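Observations on chain architecture
What follows is each chain in one-letter form.
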Amino acid sequence: ELWVDQHSQQMKNMNWADQYFDGFGRPNRLLITAKDGGNVLEMDKMTEILQIADDVRALVDESGKKFADVCLNLGNGCFNSGVL
């Protein structure tokens, strides 16, 4: 477990962000390129991309939190802008 000095600049930054940015979560993107340098829109590559998306949704951290527990939830589930 990482220990951070409670008086460090990192903690000051986090406290400031918590004060001014209410809520939890933020959108993130995973940028993917084809291993062979080819077109990611080819069926075999799209199948692999969709598997990666499923794998990310299935992740569970050491405390048991799932992707759905920590995703940016807009009231009707996790925000998903699609795989493209």
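Okay, so let's go over this structure.

Secondary structure assignment for the protein yields three helices and zero strands. For the protein, the succession of helices and strands along the chain, N to C, is α-α-α. Across the 84 residues of the protein, 10% fall into the buried class. Expressed as a percentage of contacts within the protein between residues at least 6 apart in sequence, the contacts between residues at least 24 apart total 35%.

Side chains of Leu30, Ile32, Val56 and Leu59 sit close together on the surface and give an oily, nonpolar patch of about 340 Å² of accessible area. Relative to the elements of secondary structure, Leu30 occurs in the loop between α1 (9–20) and α2 (43–57).

Our next topic: the pattern of salt bridges. Charged atoms that come close allow side chains of opposite charge to pair. Scanning the model with the defined rule gives four salt bridges in all. Between Glu48 and Lys35 there is a salt bridge whose closest N-O contact spans 3.2 Å. Highlighted residues: Glu48 in helix α2 and Lys35 in the loop between α1 and α2, separated in sequence by 13 residues. Looking at Glu48, the relative accessible area reads 38%, which means it is partly exposed. On the accessibility criterion, Lys35 (79% relative accessible area) is exposed. Through salt bridges that share partners, Asp36, Glu42 and Lys45 make up one connected network.

Taking 1.5 Å of rise per residue, 15 residues should cover 21 Å, and α2 covers 21 Å from first to last C-alpha, within 8% of that figure. Every buried residue of α2 is listed here: Lys45, Met46, Ile49 and Ala53. The buried residues of α2 occupy an angular sector of 100° when the element is viewed end-on, so they sit on one face. Opposite the buried face of α2, at more than 90 degrees from it, the exposed residues are Met43 and Asp44.

Within the fold, Lys45 resides in helix α2. Judged by relative accessible area, Lys45 falls into the buried class, the value being 11%. Not counting the four nearest positions on each side in its chain, Lys45 is found in contact with Ala34, Asp36, Asn39 and Val40.

About the cut-offs
Residue indices follow the written sequence of each chain, beginning from 1 at its first position. With the structure being a predicted model, the display of local features is reserved for residues of pLDDT at least 70 and the display and counting of side-chain atom pairs for 80 or more, all residues being used for whole-chain, interface and lining totals. For side-chain calculations, the full set of non-hydrogen atoms in the structure is used, while hydrogens and water are omitted. Numbered from the N terminus, helices here are DSSP runs of H or I no shorter than four residues, and strands are runs of E no shorter than two. Each residue is placed in one exposure class: buried if its accessible area under a 1.4 Å probe, protein chains only, is under 20% of its type's maximum, exposed if it is over 50%, and partly exposed if it falls in between. Only heavy atoms matter for contacts: two residues are in contact if any of them lie within 4.5 Å across the pair. Here the term patch refers to residues with relative accessible area over 30% and no salt bridge, with like charges joined within 9 Å and nonpolar side chains (Val, Leu, Ile, Met, Phe, Trp, Tyr) within 5 Å. Each accessible area value is a Shrake-Rupley result obtained with a 1.4 Å probe; residue values ignore everything except the protein chains displayed when judging cover. Take a side-chain nitrogen of Lys or Arg and a carboxyl oxygen of Asp or Glu: if they are within 4 Å of each other, that pair is a salt bridge. Expected span of a helix, by definition, is 1.5 Å for each gap between consecutive residues, and there is one gap fewer than residues. This arc describes the spread of directions from the helix axis toward the C-beta atoms.

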